[in-house]
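# Descriptive structure summary
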Amino acid sequence: QVQLAESGGGLVQPGGSLRLSCAASESMSNINRMNWYRQAPGKERELVAGITTGGSTDYADSVKGRFTISRDNARNTVYLQMNSLKPEDTAVYYCNAVAGMWLRHYWGQGTQVTVSS
C-alpha cells in the first residue's frame, strides 16, 4: 500500500508559477512510475505528466514547455513545477503512483490549483 500526500496548490494569477509536491510512503525504487493527473469541473481526469523509475518523462501536449516533473529519491518526493500558468490549468491535481507486481494505482487526495486574476 503506497500512501501519497500532495501539497503546494493554491491561487495564482495568469502567468504565475506554482510547485506541487507529492510525498510517497515508500522508496521510489519500489514504484514503477509516478504521475500527475488533473480534473477540472465537468471534465474527465487527464494525465498531465509522468516520470518512470529510470527518469524518463512525458507530458500532455497542453503543458509541454511550461510544466516540469522531477523527483527527489532521497525524499521519496515527486514535484510538478508549473510555469506560465493559464486559467485553463485550473483543476484539482492528483498524484498517482503505479507500483507492485500487478501495477496497481495509488492516488493522493488531490490539491486545488486555481489560476485567476
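Everything numeric here is computed off the predicted structure, so don't read it as measured data. (Residues numbered from 1 in each chain as written. Predicted model: local features only at pLDDT ≥ 70, side-chain atom pairs only at ≥ 80, totals over all residues. Heavy atoms only, no water.)

## Comments concerning the pattern of salt bridges
For side chains bearing opposite charge, pairing can occur when the charged atoms are close. Rule in force here: Whenever a carboxyl oxygen of Asp or Glu lies within 4 Å of a side-chain nitrogen of Lys or Arg, that contact is scored as a salt bridge. Helix and strand definitions here come from DSSP, where helices need a minimum of 4 consecutive H or I residues and strands a minimum of 2 consecutive E residues; each element is numbered from the N-terminal end. Note on classification: 1.4 Å probe, protein chains only; a residue is buried when its accessible area is under 20% of the maximum for its type, exposed when over 50%, partly exposed between these limits.
Taken as a whole, this structure holds six salt bridges when the rule is applied. In this structure, D89 and R66 form a salt bridge, with 2.8 Å as the shortest nitrogen-oxygen distance. In this pair, D89 is assigned in the loop between β8 (77-82) and β9 (91-99) and R66 in the loop between β6 (57-59) and β7 (67-72), connecting sequence segments 23 residues apart. Of the two residues, D89 and R66, both sit in the buried class. Across the pair D72 and R75 runs a salt bridge, and its minimum N-O distance is 2.9 Å. Each member of the salt-bridge network shares a partner with another, and the members are R38, E46, R66 and D89.

## Describing the state of the cysteines
The condition that has to hold: For this text, the term disulfide refers to a pair of cysteine sulfurs within 2.5 Å.
Following the criterion strictly, the structure yields one disulfide and no others. A sulfur-sulfur separation of 2.0 Å characterises the disulfide bridge that pairs C22 with C95. Its torsion about the S-S bond being -80°, the disulfide of C22 and C95 is classed as left-handed. Of this pair, C22 sits in strand β3 (residues 18-24) while C95 sits in strand β9; the two residues are 73 residues apart in sequence, bridging distant segments of the chain. For C95, a relative accessible area of 0% translates into the label buried.

## Some thoughts on empty space enclosed by the protein
A water-sized probe rolled over the atoms picks out the places where empty space is left. Heads up, the condition is: Only protein atoms enter the 1 Å grid used here. Points where a 1.4 Å probe fits but cannot escape make up a cavity, open sets with protein on both sides within 12 Å along at least five of seven lines make up a pocket, and a residue lines them when an atom lies within 4 Å of a point. Grid points are joined across faces, edges and corners, and a volume is the space filled by probe spheres set on the points.
Tallying each qualifying case throughout the model produces one cavity of 30 Å³ or more. Volume-wise, the largest cavity comes out at about 30 Å³. If you trace the largest cavity, you find it lined by M28, I31, N32, R33, M34, I51, T52, T53 and R71. Secondary-structure elements contributing two or more residues to the lining of the largest cavity are β4 (31-39) and β5 (46-52). The greatest single-element share of the lining of the largest cavity, amounting to four residues, is contributed by β4.

## Considering the sheet that holds strand β1 (residues 4-7)
Here is the rule: Two strands qualify as a pair provided DSSP detects at least 2 bridges between them. Axes here refer to lines fitted to C-alpha atoms; in helices the fit is confined to the stretch in contact. Angles between the N-to-C directions go from 0 to 180 degrees.
The four strands lie next to each other as β1-β3-β8-β7, forming an open sheet whose pairing is antiparallel. A strand with exactly one partner marks an edge of an open sheet, and here the two such strands are β1 and β7. Adjacent strand axes in the sheet meet at a mean angle of 15° when their direction is disregarded. Judged from the six bridges that link them, β3 and β8 form a sheet pairing that is antiparallel. Note that in β8 the partner of L20 across the bridge is L80.

## Looking at the pairing of β8
Of all six residues that make up β8, five are buried, and the element is covered over most of its length. Looking at chain direction, β7 and β8 are connected through six bridges and run antiparallel. When the bridges of β8 are listed, R71 appears paired with V78. Hairpin geometry of β7 and β8 is characterised by an intervening segment of four residues between the two adjacent antiparallel strands and by a positive phi of about 50° at N76.

## Quick look at the packing of aromatic side chains
Note the threshold: Only centres within 6.5 Å qualify two rings of Phe, Tyr or Trp (six-membered ring in Trp) as a pair; their planes then separate them into stacked at under 30 degrees, edge-to-face at over 60, and tilted for everything else. To sit over a ring, a charge needs its Lys NZ or Arg CZ within 6 Å of the ring centre and within 35 degrees of the ring normal.
Applying the stated rule across the entire model yields two aromatic pairs. Relative to W107, the ring of Y94 has its centre 6.5 Å away and its plane inclined at 85°; by these criteria the two rings are edge-to-face. Taken together, the residues span a long stretch of sequence, with Y94 in strand β9 and W107 in strand β10 (residues 104-107) at a distance of 13 residues. Assessed through its relative accessible area of 36%, W107 is described here as partly exposed. An aromatic cluster is defined as three or more aromatic residues linked by ring pairs; in this entry it consists of Y37, Y94 and W107. Across from the ring centre of Y94, 3.8 Å away, lies the NZ or CZ of R45, which sits over that ring. Here the basic side chain of R45 rests over the ring of W107, its NZ or CZ set 4.7 Å away from the ring centre.

Spatial relationships are all this shows, so hold off on functional conclusions.
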